[in-house]
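Here is what each chain is made of, one letter per residue.
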Amino acid sequence: EAIHNLAVADYHTGRFRQAAEGFHSIAKDSDCISWYEVIAHIQNEETAVAKLILDRWNSESNHYLGALEAADAYAEIGCLQEAREMFEKEWEDYFVSPYVISRYAYVLFHLQELETCRQVIDQAIAGKLIEIEEERQELCDEHWSETDKAERIEELEVELSGLQQLFSKLLAGFRPAFEFELHH
């Protein structure tokens, strides 16, 4: 715990090499801490080291974090084919956020898989429309007020708008920013 928190502090103060070393010393095979190590290496511009770890990402590990995180890290270092393969491993199995959709669409777009890119975005839009309609039909009670419902619908509509604009933004050179949360 202390090593982990020291590595987090190192990361937040820009000492990425020390953070990577700290995470490495306590990481298990393909776990969340390994992913933190990968991100610290990326931040320290050690993309070759990050790629070596990602290339050994083990879905059979008892501590396996998942393929979407590895895909996101691959995308961040420009290994787009590897990113695509990792996105596809879990694409149908998990709830996929607008962030993940934008990162996957970016990868597909830059691999010149434009039709697949459009399909991914169109499926996400269709899913978001269904989600909005289901939310509108949700009954209110003492735990879910009309205000809660309206706020949630507004959030979903903002996500829908982002998805509807995504392809044209990709055409204009948009690169979705890498989002990463480091937990102590």
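First, a word on what this report is: a plain description of the structure on this page. (Residues numbered from 1 in each chain as written. Predicted model: local features only at pLDDT ≥ 70, side-chain atom pairs only at ≥ 80, totals over all residues. Heavy atoms only, no water.)

This part covers the overall build of the protein chain. Scanning the protein chain from N- to C-terminus turns up nine helices and zero strands. Each helix and strand of the protein chain, placed in order from N terminus to C terminus, yields the pattern α-α-α-α-α-α-α-α-α. Oriented by its inertia axes, the alpha-carbon framework of the protein chain measures out at about 50 × 45 × 30 Å. Considering only contacts within the protein chain whose residues lie at least 6 apart along the sequence, 56% involve residues at least 24 apart. Approximately 10500 Å² of the protein chain is accessible, and the part contributed by carbon and sulfur atoms is 49%. (Helix = DSSP H or I, 4+ residues; strand = E, 2+ residues; numbered from the N terminus. Contact = heavy atoms within 4.5 Å. Areas by Shrake-Rupley, 256 points an atom, 1.4 Å probe, with all protein chains shown as cover.)

For the rest of this paragraph, the subject is the packing of aromatic side chains. This structure, assessed with the given rule, holds 11 aromatic pairs. Here Tyr-36 and Phe-180 contribute two aromatic rings whose centre-to-centre distance is 5.8 Å and whose plane-to-plane angle is 85°, an arrangement assigned as edge-to-face. Of this pair, Tyr-36 sits in helix 3 (residues 32-43) while Phe-180 sits in the segment after helix 9 (146-171), placing them 144 residues apart in sequence. The exposure class of Tyr-36 is buried, given its relative accessible area of 3%. (Phe/Tyr/Trp six-rings, centres within 6.5 Å; stacked < 30°, edge-to-face > 60°. Buried < 20%, exposed > 50% of the residue type's maximum accessible area, 1.4 Å probe, protein only.)

Here we come to the packing of helix 3 against helix 4 (residues 47-55). Across the interface, helix 3 lies against helix 4 with an axial gap of 7 Å and an inter-helix angle of 160°. Classed by the angle they form, the pair helix 3 and helix 4 counts as roughly antiparallel. Handedness of the crossing formed by helix 3 with helix 4: left-handed. Here Glu-37, Val-38, His-41 and Ile-42 of helix 3 lie close against helix 4, whose contacting residues are Thr-47, Val-49, Ala-50, Ile-53 and Leu-54. (Axes fitted to C-alpha atoms, helices over the stretch in contact; angles between N-to-C directions. Parallel < 35°, antiparallel > 145°, perpendicular 65-115°, else oblique. Left-handed = near helix turned anticlockwise from the far one by under 90°.)

Located in the positive-phi region is Glu-45, a residue other than glycine, with phi close to 60°. When you line up the elements, Glu-45 lands in the loop between helix 3 and helix 4. By relative accessible area, Glu-45 is classed as exposed at 72%. Phi angles above zero are rare outside glycine, and Gln-112 is one such case at about 65°. For Gln-112, the location among the structural elements is in the loop between helix 7 (98-110) and helix 8 (114-137). Its relative accessible area of 61% is what places Gln-112 among the exposed residues.

So, on to the packing of helix 5 (residues 67-76) against helix 7. Describing two packed helices takes the angle between their axes plus the distance from one axis to the other. As a packed pair, helix 5 and helix 7 sit with axes 10 Å apart at the nearest point and diverge in direction by 50°. Judged by the inter-axis angle, helix 5 sits oblique to helix 7. Considering how the two elements wind past one another, helix 5 and helix 7 form a crossing that is left-handed. Contact with helix 5, carried on its side by Leu-68, Asp-72, Ala-75 and Glu-76, involves Tyr-99, Val-100, Arg-103 and Val-107 of helix 7 and no other residues of that element.

Side chains of Glu-133, Glu-134, Glu-138, Asp-141 and Glu-142 sit close together on the surface and give a patch of like negative charge. With respect to the helices and strands, the residue Glu-138 is situated in the loop between helix 8 and helix 9. (Patch = residues over 30% accessible without salt bridge, like charges linked within 9 Å, V, L, I, M, F, W, Y side chains within 5 Å. Salt bridge = Lys/Arg side-chain N within 4 Å of Asp/Glu carboxyl O. Lys, Arg positive; Asp, Glu negative; His and termini not counted. Charge placed at Lys NZ, Arg CZ, Asp CG, Glu CD.)

What follows deals with the side chain of Ser-61. Inspection of the secondary structure puts Ser-61 in the loop between helix 4 and helix 5. Ser-61 gets classed as buried once you look at its relative accessible area, which sits at 11%. Reaching out from Ser-61, the side chain makes a polar contact with the backbone nitrogen of His-63 at a distance of 3.0 Å. Setting aside chain neighbours within four positions, we find Ser-61 in contact with Asp-29 and Ser-30. (Polar contact = N/O pair within 3.5 Å; in protein donor to acceptor, adjacent residues only side chain to side chain.)

Our focus in this paragraph is the environment of Ala-2. With respect to the helices and strands, the residue Ala-2 is situated in helix 1 (residues 2-12). The spatial distance from the C-alpha of Ala-2 to the C-alpha of His-184 is 9.5 Å, given a sequence separation of 182 residues.

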